[in-house]
Structure formats: structure tokens, C-alpha cells
Amino acid sequence: MTAAIPTVSRWRKLPRTIFSAAVLAASLVGGRAEAQAGRASPDSVLEAIRREGMEHSQAEPLAQALMDSIGPRLTGTAGEKAARDWLIGRYRAWGVDARNEQYGTWTEWRRGATHVDLLEPRVRTLNGTLLAYSPGTRGPVQAEAVAVPAFTSPAELNAWLPSVKGKLVLASAAPATCRPDESWERAATPETLERMRRDRGAADTAWRRSLDAAGISPRWLPMKLEAAGAAGVIAVSWTGGWGADRVMNAWTLRMPMVTLDCEDYGLVHRLASHGQKPVLRVDADAQFGGDVPVFNTVATIRGSEHPEEFVVLSAHLDSWDGGSGATDNGAGTVAVMEAVRILRQAYPHPRRTIVIGHWGGEEEGLNGSGAFAADHPQVVGGMQALFNIDLGTGRIDSVSMGGLAGAGPVVRRWLSRIPVSLAGPVSVDEPGTSTEGHSDHSSFACRGAPAFDLLPVEWDYRAYTWHTGRDTYDKLVMDDVRSNAVLLAMLAYLAAEDPQRVPRDRASNAAMAPCTKPARSMIEFLESLLQ
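Thresholds, definitions, all that
- Residues numbered from 1 in each chain as written.
- Predicted model: local features only at pLDDT ≥ 70, side-chain atom pairs only at ≥ 80, totals over all residues.
- Heavy atoms only, no water.
- Disulfide = S-S within 2.5 Å.
- Helix = DSSP H or I, 4+ residues; strand = E, 2+ residues; numbered from the N terminus.
- Buried < 20%, exposed > 50% of the residue type's maximum accessible area, 1.4 Å probe, protein only.
- Salt bridge = Lys/Arg side-chain N within 4 Å of Asp/Glu carboxyl O.
- Core = buried A, V, L, I, M, F, W, Y, C linked by side-chain atoms within 4.5 Å.
- Contact = heavy atoms within 4.5 Å.
- Expected span 1.5 Å × (residues − 1).
- Phe/Tyr/Trp six-rings, centres within 6.5 Å; stacked < 30°, edge-to-face > 60°.
- Polar contact = N/O pair within 3.5 Å; in protein donor to acceptor, adjacent residues only side chain to side chain.
- Pairing = 2+ DSSP bridges.
- Right-handed = clockwise from strand over helix to strand, strands pointing away.

K.L.:
I'd love a proper account of the state of the cysteines, names of residues and values included.
P.N.:
What the rule picks out here adds up to 2 disulfides. Across the disulfide, Cys 178 is cross-linked to Cys 262 (sulfur-sulfur distance 2.1 Å). Here the disulfide of Cys 178 and Cys 262 is left-handed, its torsion about the S-S bond being about -85°. Placement of the pair is Cys 178 in the loop between β5 (168–170) and α7 (181–187) and Cys 262 in helix α10 (residues 262–273), with a sequence separation of 84 residues. Each member of the pair, Cys 178 as well as Cys 262, is classed as buried.

K.L.:
Lay out the pattern of salt bridges in plain terms, naming residues and giving numbers.
P.N.:
The full count for this structure, using the stated rule, is 25 salt bridges. Among the ionic pairs, Glu 430 bridges to Arg 412, the shortest N-O distance being 2.4 Å. Of this pair, Glu 430 sits in the loop between β13 (427–429) and α16 (442–445) while Arg 412 is found in helix α14 (residues 407–417), placing the two residues 18 residues apart along the sequence.

K.L.:
Could you give an account of the nonpolar core, naming the residues involved and the relevant values?
P.N.:
In terms of nonpolar packing, the biggest core is built from 71 residues, with Ile 49, Tyr 91, Phe 387, Trp 414 and Phe 452 touching the most fellow members. Ranked by residues supplied to this core, first place goes to helix α18 (residues 478–497) with 14 residues. In contact with Ile 49, not counting residues within four places along its chain, are Ile 342, Leu 343, Ala 346, Val 486, Ala 489, Met 490 and Tyr 493.

K.L.:
Residues and numbers for helix α5 (residues 78–93), please.
P.N.:
An ideal rise of 1.5 Å per residue puts 22 Å on 16 residues; α5 measures up with 23 Å between its terminal C-alpha atoms. Within α5, burial applies to Gly 79, Glu 80, Ala 83, Arg 84, Trp 86, Leu 87, Ile 88 and Tyr 91. Positive phi shows up at Gly 95, right after α5, with a value of about 80°.

K.L.:
Let's hear about the packing of aromatic side chains: which residues, and what values?
P.N.:
For the coordinates displayed, the defined rule picks out 10 aromatic pairs. Consider the rings of Trp 106 and Phe 525, whose centres lie 5.5 Å apart with planes at 40°: the pair is tilted. With Trp 106 in strand β1 (residues 97–120) and Phe 525 in helix α19 (residues 522–529), the pair connects residues that are 419 residues apart, well separated along the chain. Considered together, Trp 106 and Phe 525 belong to a single accessibility category, that of buried residues. Geometrically, the ring pair formed by Phe 387 and Phe 452 is tilted, given 6.1 Å between the ring centres and 45° between the ring planes. Linking Phe 387 in strand β11 (residues 383–389) with Phe 452 in strand β14 (residues 451–456), this pair joins segments that are 65 residues apart in sequence. Each member of the pair, Phe 387 together with Phe 452, is buried.

K.L.:
Kindly report on the side chain of Asp 498, identifying the contributing residues and their values.
P.N.:
Checked against the element boundaries, Asp 498 lands in the loop between α18 and α19. Within the structure, Asp 498 has its side chain in polar contact with the side chain of Trp 414 (distance 2.8 Å).

K.L.:
Which residues make up unusual backbone geometry, and what are the values?
P.N.:
For residues that are not glycine, phi is negative in most cases, and the peptide bond is trans in most cases. Note that the residue after Glu 120, namely Pro 121, is joined by a cis bond; omega there is 5°. If you trace the backbone, Pro 121 turns up in the loop between β1 and β2 (124–126). Cis peptide bonds are those with omega within 30 degrees of zero, and the linkage from Asp 328 to Asn 329 qualifies with 5°. Its place among the elements puts Asn 329 in helix α11 (residues 326–346). With a phi angle near 70°, Leu 391 is a residue other than glycine that sits in the positive phi range. Mapped onto the fold, Leu 391 is located in the loop between β11 and β12 (396–400). Take Leu 391: its relative accessible area is 14%, and that puts it in the buried class.

K.L.:
I'd like a rundown of the pairing of strand β4 (residues 141–147), residues and numbers included.
P.N.:
Successive side chains on a regular strand alternate, one facing one side of the sheet and the next facing the other. Bridge count for β4 against strand β8 (residues 279–301) is 4 bridges, and the pairing is antiparallel. Within the sheet, the bridge partner assigned to Ala 143 lies in β8 and is Leu 280. Bridge analysis of β4 against β5 gives 3 bridges, and the strand direction is parallel. Residue pairing across strands places Val 146 opposite Val 169, the latter belonging to β5. For the handedness criterion, the β-α-β arrangement of β4, helix α6 (residues 154–160) and β5 is classed as right-handed.

K.L.:
For the side chain of Ser 400, give the residues involved together with the corresponding values.
P.N.:
In this structure, Ser 400 sits in strand β12. Take Ser 400: its relative accessible area is 10%, and that puts it in the buried class. Polar side-chain contacts of Ser 400 include one of 3.3 Å to the backbone nitrogen of Gly 402. In this structure, Ser 400 is in contact with Asp 429, Gly 432, Thr 433, Phe 452 and Asp 453, ignoring residues within four places of it in sequence.

K.L.:
I'd love a proper account of the environment of Arg 254, names of residues and values included.
P.N.:
Relative to the elements of secondary structure, Arg 254 occurs in the loop between β6 (232–235) and β7 (257–260). The exposed category is assigned to Arg 254, whose relative accessible area is 59%. For Arg 254 and Asp 440, which are 186 residues apart along the polypeptide, the C-alpha to C-alpha distance reads 32 Å.

K.L.:
Residues and numbers for the pairing of β8, please.
P.N.:
Examined bridge by bridge, β1 and β8 share 19 bridges and lie antiparallel to one another. Bridged to Asn 100 within β8 is Thr 297. Relative to strand β10 (residues 352–359), β8 is paired through 5 bridges, and the arrangement is antiparallel. By the bridge assignment, Val 298 is partnered in β10 with Gly 357.

Set out below in C-alpha cells:
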């Protein structure tokens, strides 16, 4: 058994010389105990992990193959299936048992090319993308684009709807500006900045009040337009960053729904609002298939002494498909894969079982991880720790305890064993919060398990890459992905070896978030969206 080591909080009360002596003594005692047990000392294993991960990293070729060659991994698409087959092949090549475990079915969908052109009153090729799960156009559609007017009652909406038949409807608010706030703050006078914010706020408020007065939500509006015979819906979802727009799911069942970049949407909306009758041509290829099985990819390294206890490395494999799914969550996927490869070299016989979960359906509501947690209560009950990595490419700089009162000292003790170059910047958010639906750790935290969210440096994630067409391989910061993989491997090793179980008692001020029911089909997903 690994010798128990005093907590960092106790050591910090000692003079520096005594502190150093205590560290040395603990290391020697731990080394003697490990030698007597016929196992490598903790320091030698950590050093082997560091050396393998930093000197022989495979993170870059793994990332290039996943993001460039396989590409995005939208649930129910051939890209997601190809990625799962690739994962299985990689793990088996490393001597790791891996399988695809079905959690439900999904309607198959294939994206083709999207072309959007302004034809009148002048010619311009627009930057547009068909939203995920949208029907295609079945050949080019040419029609006038019209803006949604302001409504003061449901009767006004119903009176206007017949006029949209055969038209392309601009079903988002007009952007007041497509220039990021940081640009305004840097260059504008205080008066100009205040005027922009006032005008933008007024426009957003007017749009919301109009829909509220009409008795319809932004999600239901496209379906109303579809029922009225519109030729298609044009939308915008600007992130607030230069040229970056969200590309997520459509809200239509039979007609195409296309998103335009902020600048192009603003152009078309201004033309329509000023009576200049813009005409667009939309050619968007997409095909639906039948229902196909959807999976989690689960790999396992069986524990040598406590196989019934589990350390879980967690990252979702699926992505939206406007880009390549690089920072959400290709970076996390590769970090977990590389951590496992490192562990096979440096720590091939863990004391506890290490489970690797590459979850499906995270983007549609934590469906894969939620189904796994519901279907495998023995893993939840025997969980020592789960380390989830999501939210971008950045170097991990904090760990949330998810509302657990006693987990912080244990995690800080693990971090104290890790080289300062990797763990020094990492803070422990204690007790943290049990976030509902934030990422896949929530599927386990809601069941009381010690599931920890590893939070990275932001790297403009929200403004530029999260669910956008700019989420591509070039946005990865490979030094950060590499160091995250090494840190994950070290945390997995320390959690697997620790003689102490992570306590599950909750802080008095940290309520446990409820578990959400996973959608095990696209029908269940759509029903949940429209509730």
C-alpha cells in the first residue's frame, strides 16, 4: 500500500526547513513501502509519466487525424461512426480493451455543401451554412427574403403568416453591430460607446417583446413559418467575436434552415427592412437516413487489487459540425487518449480499474454519459474519482469539487505530488458547485459521485470557437493539450493508488443538481427542446 502523506494544509504550518524534512521523510517512507510491496515508488512512476508524455507525445498526430481526416462528429452521422471505429483501433493497438456500447438510436443525417447568394438588388456570395439536422433544399431555391415585422398580438402574427408562402424568412433580430465590444471599447468615445449599447439593447428588447406579444418563442417561430409555406428560414447567432457564428441545430422539419454570418445577415435584413426586396438563391444539400445506433466508446484497464473501484477519464467525442470540433471537444478527447497511452507505458497495472469514457450525444443534452451512469450503477457506486475535460484547448487551471465537502483536501494532496510545472497553476474550487447540464461530469455528480470538472484557460473559447465554424485544428494549442494529457495521467495514477477513498459528503450550502433524463432517440431530443 502507498504510504499516507500529510495534507498540504498541515505542512504549510511548519517552518520551511521542517517542511522540507517532512517532504523528504514522507518520500523515503513511501519509497520503502512501495519497494516492500514490489511496486515502483510514486516519484518514479510520476517521472515516467512526465517523460513519456513530454518526450514521446503522440498528441499532435492523434489530433491531426481526428480533426482533419475524420472531422466533425455530429451525433447520427458517418463522421461520428468513423471516429468511434478509429478510437477502438487506437486503444486496441495500445493493448487496451475497448468497445462501443449502444445507448440509443438516432436519425442518420448527412451534410453536403451549402451555397447562399444574394442576386438582387446586387450580386454577392454570402457566407452561410445549413444548420445541423435541417432538411436540404433538393436543388437551388430562389426567393425574396423578408423580415419578421413587429407584432403587438397573436392576431397580428396570424394575419401576417400567409404572406410568407414561397419566401425566405429572416427569423432573427437584426444585429446592431458586428464589431466586437472590445473594438468599441478601445476606439469609441464614451458617448459613442454608450449610444451603441443603448441602441443594441433597445433592438434586442424590441425583438423579444414582439415575439412575446405574438405568443411565440424563438424556437417555435421557424415551425410556424414552415407550416405557413415559407421556402426556408434564414437566421443568425453571432458570438460577439469577429466573423464567428454559432452553427447548431435547426428548428424545422421539412424546409431548410440556414445561418448567415453576422455581416451578411445584417446586409440582407437591412435591404428587406428598407423595401429593397433582396432575392437570395440557396442551394443546401442534406440527406436523412433511417434510425442508426448511437454509442459511447468505453475502454477499460482492469484494476489489479480493487477492480470493483473505478477511476474514470471522461470526455465527449461528439461535436457540432460547423467546424471540426477541435476545441469542443477534440482537445479533451485527444488529452484523454494520450493520457491512456502514457499510462500503458508508465503504469500498466493500476490498483483500481481505470475506465475511459468517450461519450456520445453530449451536445444534445449529456445523453451518452447520462445513459451510461443510469445503466452502470456499479461504476457510479464504486467511483473513486472522475476527471472530465471539456471547454476548449487551454491548459487546466482549476478543478471543481462539485459541491463535495471533503474532496478538496484529497485532490490538493494529489496535486501536491505532481511537478509544479504542471500542477502549480491549478487551483481547487472548494466546495465548488454541482452544475446542472454543464458537461458530462454532471451525469455522475447528480448521483453523488466524486466527479470533477477540469477547467482550462479560456483562449477566446466562448467568443470564437464554441459551436462555431472556426472550431478547427489550427485553434489547438498543442503545448496545452500535451500538458493536460500528462496531468490527467498523473491524476489517474494517484487516484488509482490512493489508499483513501474520496469522501462523498456534500457541503451544507451545495445542493445536488437533479439528474436529467437522457434522450435515447432523436424524437426524445426534439421533444425535450420544444418543452
